[in-house]
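# Reading the structure
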Amino acid sequence: MTTTEAAHPPVPGDPSGTATGAGTAAEPVDENIWLEEIYGEEPLAWVREQNARTEDLLEDAEYAGLEGSILEVLDSTDRIAMVGKHGEWYYNFWKDRDNPKGLWRRTSWESYRGGSPEWDVLLDVDALVAAEGQEWVFHGANFLRPADGEPHRRALLALSPDGGDANRYREFDVESRSFVDPAAGGFDLPTAKGNASWLDADTLLVATTAEGLPSTTSSYARTGVKLPRGGSLAAAERLFEIPEDHMMALVAHDSTPGFERTFAVDWISFFERNTSVLRDGQWVQFDVPADVNLSSHREWLLFRPQKDWTVNGTVYPAGSLLSAGYEDFLAGSRDLSALFTPDAHSSLQSWSWTRDFLLLNLLRDVSSEIRVLDPQRPGTDSAWAATVLDACPPLHDVNAYAVDDEDDADSTDDDGTGGDTAVSEGEAPGAGNDFWLVATGFTTPSTLTRGTLKREGSGAETHVSSTHAVIRSSPSFFNEGAYEVQQHFAVSKDGTRVPYFQVASKDLVLDGQNPTQLSGYGGFEISRTPAYSGAVGRAWLDRRTEESAGHDGDGPHTRGGVYVVANIRGGGEYGPSWHRAALQENRHRAYEDFAAVAQDLISRGVTSRQRLGCVGGSNGGLLVGNMLTHYPELFGAVSCGVPLLDMRRYTKLSAGYSWIAEYGDPDVPEQWEFIKTFSPYHLLRDGVDYPETFIWTATSDDRVGPVQARKMAARMQAMGIPNVWFHEALEGGHAGASDNHQAAALQSRSQHFLWRALAGRSA
């Protein structure tokens, strides 16, 4: 059960009325509650009317060209086909113009390394849709570990009927390229939220809400069961159960040979969980605070505290990474070793084990750094010897992760040099210490590199070396050479320095007239890092305004867009402390940070209110909703996607209850007092000059749900606020799109709306 990241579950007039009960905050009057019936006839009629109105505005001739240009990026056959290794095969899921629902396929390493892989198609999802009449969306595969010497043959495929978080798990035979017939004992779990893990060839561990099994208030599974082949979920042995008001239960089996373990997790809240292991038929809970993330790898336990953690008189700061021997810790030892300690500029983003080494993916002022740790050698700045991987250019995002840490094949080539030669020559025996390296930047198309780690030297001269080679490079989709990436720091209201990235033309004129798109998130310890986007490049950076008068005597010219990403508090760019600084009653800090970036862009002459727009989705939709209601004077347009907006009722809608740890509980009067200060639905006022607003969502989003977006648009329009537009995709889940065509349409509508609003005037 190797954890490769700081894991999270799926994320995201004055109030008046009558109290609903003792100790419960008053419910504000809500004239739009009828829109909460997601599939109701009248709400969907309203949605279709709004969609037609918005499409009539946006889908002009220019939009058609834009959508086609973005779809060309998404459907490009030259983009990197990312793979995952299972046994001897490398698996990939691929969507393009001819396969909009996608192909699940595999190839050999030799074929993949050669550049033009011969793909063996295992499942054509478009053909499955046609055969079964259900709009399946592929959500991944979970392989059964085969017996020694046997190939990986059986897998559980996760298929969503509409792109939402609820999946149907079906057993699949990769050799026959077919589902295993349930009548013959094949596993086929009904569609529901949850997880499934192989215990052995004839048994699954399942946490689900299907077949009447109980759910939590957050809509996730409460129980973990042991499901034998041919059995029913309702009759399955219940192994594990959590209280209803906890977030969700999870059960999983680690089948690593020699380290087989069964785990259960009681996810109490989004940032608190208790982990137990099954020993001698009894659950044994790991004795750590609930806010300490825990993972295992072979003989090791790793710990990442969300808050400062004191053990045996030593204080380990939030965001550290600590290690202990697995059996030693369970036996009562609290001898911890610090593998990473954060400082004011650095944070741990994720980690991944190869067979013998630990890869740490760090950020230093939001630029990547990768360290390789060797458990067999003591270090100086950390308990294990650390080597910095020379692979991270400034202002880029680079991530390293294991190819297959369980590959115990002989890793020495015929020449005795190890796996590095195997990588460079197209063969890959002994991939246990191999790693993938994915690098990207705002103006740097992504590259995929494969490398091998090995120990060299002896005694005091022993060190870890890395040899790697580029395997794939993404094509260029826009004129990257014309643009410059800069990092700036704005000063927030409380004096905190807030970093942001600016991507703009190298000859940018600082006259306040540049159409500028400001993006952010600021929640759930999720970091916004540099990333190449052909869609943003084509739809925003390369797009040109109409010719206008020059500046300071220059001749007439056109100009492109400026793209900005803000790294505000609430995110994970500087670790848990950066995140916790904007939790609950301190939520306003995230919004003050974002507003500070907007003001800095204006003060520096990059843009002006009429040229500045903001965009965000999910929690980012809540962010830009607060820009709309708290800082309307800073923005000319707001694009608000799959958003939280009604913070009085968010806990009663879809999976909202699971985010109380982030925002607070509106049913508690003392907490509603601060929550209502960042509930955009309740902050709209008459007589305010609001920016042009586009609110978009998806009917099948079962995480945030579409109703908060519906109600916000309806209230704004009823108040007579001009230029308020709404669109709801009828499928696509929380992503808003389940295939490339839908994704291109979604991105095109948002980008075209912002461009019309911000660049439509002469610049």
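Residues numbered from 1 in each chain as written. Predicted model: local features only at pLDDT ≥ 70, side-chain atom pairs only at ≥ 80, totals over all residues. Heavy atoms only, no water.

### Topic: the pattern of salt bridges
The criterion, for reference: Salt bridges are counted wherever a side-chain nitrogen of Lys or Arg sits within 4 Å of a carboxyl oxygen of Asp or Glu. Burial here depends on accessible area, computed with a 1.4 Å probe over protein chains only, as a share of the maximum for the residue type. Under 20% is buried, over 50% is exposed, and the range in between is partly exposed. Segments assigned H or I by DSSP are reported as helices when at least four residues long, segments assigned E as strands when at least two residues long, and all are numbered from the N terminus.
Per the stated rule, a full pass over the model turns up 47 salt bridges. Here D374 ties to R377 by a salt bridge, and the two come within 3.0 Å at their closest N and O atoms. Residue D374 is classed as buried on the basis of its relative accessible area, which comes to 0%. Residue classification places R377 among the buried residues on the basis of a relative accessible area of 18%. Linking R569 and D494 is a salt bridge whose minimum nitrogen-to-oxygen distance equals 2.8 Å. Of this pair, R569 sits in the loop between β35 (562-566) and α8 (576-580) while D494 sits in the loop between β32 (483-491) and β33 (497-505), placing them 75 residues apart in sequence. The partly exposed category is assigned to D494, whose relative accessible area is 42%. In this structure, a network of salt bridges that share partners links the residues R153, R154, E171, D173, D202 and R229.

### Quick notes on the nonpolar core
Condition: To qualify as a nonpolar core, a set must consist of buried Ala, Val, Leu, Ile, Met, Phe, Trp, Tyr and Cys residues joined through side-chain atoms within 4.5 Å. Only heavy atoms enter the contact rule, under which two residues are in contact if any of them lie within 4.5 Å.
Among the nonpolar cores identified, the biggest contains 72 residues, and L518, F594, V597, M627, F635, W659 and Y663 are the most heavily contacted of them. Counting residues per element, this core draws most heavily on helix α9 (residues 588-603), which supplies 8 residues. Excluding its chain neighbours within four sequence positions, the residues that come into contact with F594 are L518, S519, G520, A566, I568, C614, L623, M627 and F635. Residues L363, F478, W578 and W725 belong to the second largest nonpolar core, which totals 31 residues.

### Some points on the packing of helix α1 (residues 41-58) against helix α13 (residues 707-718)
Going by this rule: Axes here refer to lines fitted to C-alpha atoms; in helices the fit is confined to the stretch in contact. Angles between the N-to-C directions go from 0 to 180 degrees. Convention used here: angles under 35 degrees read as roughly parallel, angles over 145 as roughly antiparallel, angles from 65 to 115 as roughly perpendicular, and any remaining angle as oblique. Handedness of a crossing follows from how the near helix is turned relative to the far one, being left-handed for an anticlockwise turn of less than a right angle and right-handed for a clockwise one.
α13 packs onto α1 with a crossing angle of 70° between their chain directions and a minimal axis gap of 12 Å. Accordingly, the angle class assigned to the pair α1 and α13 is roughly perpendicular. Crossing of α1 against α13: the hand is left-handed. Side by side, α1 and α13 meet where P43, L44, W46, V47, Q50 and R53 of the first sit next to R710, A713, A714 and Q717 of the second.

### A short note on the pairing of strand β27 (residues 384-388)
Counted only if it meets this: Here, any two strands with at least 2 DSSP bridges between them count as paired.
Summarising the sheet, strand β26 (residues 367-378) and β27 pair through 5 bridges and their orientation is antiparallel. By the bridge assignment, L373 is partnered in β27 with A386. As consecutive antiparallel partners, β26 and β27 are separated by 5 residues.

### A look at the packing of aromatic side chains
For clarity, the threshold we go by: Pairing of aromatic side chains here covers Phe, Tyr and the six-membered ring of Trp, requires ring centres within 6.5 Å, and sorts the geometry by plane angle: under 30 degrees stacked, over 60 edge-to-face, intermediate tilted. Note on criteria: charge over ring means Lys NZ or Arg CZ within 6 Å of the ring centre, with the direction from the centre no more than 35 degrees off the ring normal.
Per the stated rule, a full pass over the model turns up 36 aromatic pairs. Measuring from ring centre to ring centre gives 5.1 Å for F270 and F271, while their planes differ by 65°; the resulting arrangement is edge-to-face. Here the two residues F270 and F271 agree in accessibility, since each one is buried. When the centroid spacing of 6.4 Å and the interplanar angle of 70° are considered together, the rings of F442 and Y563 count as edge-to-face. Of this pair, F442 sits in the loop between β29 (434-441) and β30 (444-456) while Y563 sits in strand β35, placing them 121 residues apart in sequence. Y563 shares its class with F442; the two are buried. The rings of Y91, F93, W104, F138, F143, F172 and F179 are connected pair by pair, giving a single aromatic cluster. Lying over the aromatic face of W672, R648 brings its terminal NZ or CZ to 5.6 Å of the ring centre.

### Remarks on the sheet that holds strand β28 (residues 397-402)
Read from one edge of the open sheet, 4 strands run β28-β29-β30-β31, paired in antiparallel fashion. Here the strands that pair on one side only, and so sit at the sheet edges, are β28 and β31 (463-473). With direction set aside, neighbouring strand axes in the sheet form an average angle of 25°.

### Focus on helix α4 (residues 125-132)
Put simply, the rule is: Our arc is simply the arc of the directions from the helix axis toward the C-beta atoms. Here a polar contact is recorded for every N or O atom pair within 3.5 Å, except that within protein the pair must consist of a potential hydrogen donor and a potential acceptor, and residues adjacent in sequence are included only if both atoms are side-chain atoms.
Those residues of α4 not exposed but buried are V125, L128 and V129. For α4, the angular spread of the buried residues around the axis is 100°, confining them to a single face. Away from the buried face of α4 by more than 90 degrees, exposed residues A130 and A131 are located. The residue sitting at the N-terminus of α4 and contributing the capping side-chain oxygen is D124; that oxygen lies 3.0 Å from the backbone nitrogen of D126. At the exit of α4 stands G133, carrying a positive phi of roughly 70°.

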